[in-house]
Each structure stands twice: as C-alpha cells, then as structure tokens.
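Letter by letter, the chains look like this.
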Amino acid sequence: MKAIIQIPCFNEAESLPATLAELPRELPGCDLVEWLVIDDGSSDDTVAVARAHGVDHVVSLPRNQGLATAFRTGLRACIERGADVIVNTDADNQYCAADLPALVRPIVAGHADMVVGCRPIETIEHFSASKKLLQRLGSWVVRAASRADVDDAPSGFRALSRQAAMRLNIFSEYTYTLESLIQAGQKNMAVLSVPVRVNDPLRASRLIKSTGSYLLRSADTIVRIFMTYRPFRFFFVPGALSFLAGFVLGLRFVWYFLNGEGDGHVQSVILAALLLGLGIFLAVVGLLGDLIAVNRKLLEDTRWQLFEIQDALRAPPMDERTTRVQRAGSAPVSRRNASM
C-alpha cells in the first residue's frame, strides 16, 4: 500500500524545511511513503527547497490559484501516482507530524474513508476569538449539511482513501475544508476524527489576511455550500417565513374589512401580496435547486465511474499488485463497520 503526503505551498521556502524535517517516511500499514508538493505559483525558491529536502514529486501551477485549487490539484496528482492513502498537511508546520499515524491508521484498517485531525481549538493561544467562533460555525454547518460529525471541520490535517479522493469534486476557490466534508457526508463516506496536536506558528496565516476579510470570505463560502448542498432547506425556510408573514397580514386585513375598517389598511393588502408571492417564489426556487442538486449528484457519480475506468486501464497486471478491485470492494464494508 502506497501513501503520499501532499503539501500545498505558496512562497513557503522559509517554513517548508521545518515541515519536511518532521514528516515520516514510514506509516503503519503502508509499504511506501512519498511526499508531494503543490507549488501554487510561488515566486520564491519553494520548488528548489522542496527538491533539496527530498520531496518525491513537485506539481507546479502556472500562477497562484488559491488553497482549494492546490488541494484539488494535489488529489488528482496523488491518484495519478498510484496513492492508496493521501494525507494533506500545511506547509507552515502548524500540525504535529507525529500524529500522522493516527490519521492513517483508520484508512488502512478500512474503518474510514476520510479522517480529520481535530485540533484543541479552545486552548490554542494564537487563535483569535473570531477565528475560534468561525471554527465552531464551520463545524456546525458541516453537521447541518451532512452526516459527518466532525468537531474541527476547518482543519486541513486529514487523510483520505484513494476511492474517497476520486469521488470528491471541490468547486470552492477559497478553501476546501468544509465542502470536502459535506461532500463526504452526502456520498455516505465513513468520516472519522482523531485528536491531533499543533506546533507553535512559524508565520502568520496566509488564508487570514485580516479578521474582516476572513469573516466575509468564510461566510460567503458557508452560504454557497449550504445553498449548493441543501438548496430546498436554504430557500424553503425563508420562503415559509415570508408566506406566513403575508398570510398573517392578509388575515389582519380581512378582520378589519369585516369590521368595516378596510379602507385604511390597503397597504397591508399590498404588503401581504408581496410577502405571499415572495414565499411562493422562494419555495419554487428551492424545489428547482433540489432537482439541480440531484442532477449534479448523478453527474458526479458518472465522473467517479469514469475515474475508476481510467484507473483500471492504468493498473499493472493482476499478479504484480494488490488489486484495486479488492480495495474498492472493501470500501462498502468499511462504511458498514463505521456505522455499526
């Protein structure tokens, strides 16, 4: 079994050596452990530093495209290089590499399709109050939009099986953490979380340029994810509230009208009609969004099947490998075990 540790990088020449120095070359249940760096359009010596410190694979993007794109590119590169287990970590050495075996062990044992390292958020001193709040909010969104019960959803320290990586289809541009977990829950993957430790920060976060910017972009990501994966609930709830308000206003006008005072409450009729119309409109949009979401799932399943066909065509002869058919066949068992 082959594991690849992927590290998205953007101008990480200074912090990358410390990160690589802690990474293992052996993991439980894995015959081979390789390192892969995704160079997200760096303008410094990130690539040279990576190669000088023994990185096995470097994938370079022509320009900086963001963390989500780098993560997505890394998954595809790991799949193409035959990874059975893919581990994602940050280049700033935020996560304690000594906890990597805890991430990988449930994947190797077939107990999980994805494992997320949960940090001790409340005890991390360099996390601001707003960042801690967003960690909790992001985890709540994941629980609301999926069946993945993870305490630290924004954590980027995670491990995935080959099959899980092939089934993910990240569309966000800012960050992949929340969306990948919601997709995993929507696709009935077995998702586990394990406690992990963190190191002292080597530099300020690149993802959080300012608290205000982080709040706005995170809120935008959360809203888009919820709207994409729970469209009926997203539109139906405000639609129902609008319809109810319009209905109450309409009843109020009828009461006044029956008492001979309707002439002075024409504005209530207009507002009631607007609210009723808005409620019906939002409900219809929710239904259409739900139909589109079903179609998207079908397309994602088709994409996954195409990946599996391509994977089978690239596979070496049966007698030279542990068959991926066996690994794929064990995936449903792992999900059943995880749910028992």
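Reading guide: rules and limits
- Residues numbered from 1 in each chain as written.
- Predicted model: local features only at pLDDT ≥ 70, side-chain atom pairs only at ≥ 80, totals over all residues.
- Heavy atoms only, no water.
- Phe/Tyr/Trp six-rings, centres within 6.5 Å; stacked < 30°, edge-to-face > 60°.
- Helix = DSSP H or I, 4+ residues; strand = E, 2+ residues; numbered from the N terminus.
- Buried < 20%, exposed > 50% of the residue type's maximum accessible area, 1.4 Å probe, protein only.
- Lys NZ or Arg CZ within 6 Å of the ring centre and 35° of its normal.
- Arc of directions from axis to C-beta.
- Contact = heavy atoms within 4.5 Å.

(A) Representation of the packing of aromatic side chains. Throughout the structure, instances matching the rule amount to 6 aromatic pairs. With a centroid separation of 3.8 Å and 5° between ring planes, the pair formed by Phe-71 and Tyr-176 is classed as stacked. One end of the pair, Phe-71, is in helix α3 (residues 67-80); the other, Tyr-176, is in the loop between α6 (162-167) and α7 (177-186), and 105 residues separate them in sequence. Summarising the burial analysis for this pair, Phe-71 and Tyr-176 share the class buried. Centre to centre, the rings of Phe-234 and Phe-235 are 5.1 Å apart; their planes meet at 80°, and the pair counts as edge-to-face. When its relative accessible area of 26% is taken as the criterion, Phe-234 is described as partly exposed. Taking relative accessible area as the criterion, Phe-235 reaches 17% and is therefore assigned buried. Taking the ring centre of Trp-35 as reference, the NZ or CZ of Arg-25 above it sits at 3.8 Å.

(B) Inspection of helix α4 (residues 100-108) at higher detail. Regarding α4, the residues found buried are Leu-100, Leu-103, Val-104, Pro-106 and Ile-107. Viewed end-on, α4 has its buried residues packed into an arc of 160°, placing them on one side of the element. On its buried face, α4 is in contact with β1 (2-9), β4 (85-88), β5 (114-118), β6 (158-161) and β7 (191-195). Note on α4: the residue one or two positions beyond its end, Gly-110, has a positive phi of about 80°.

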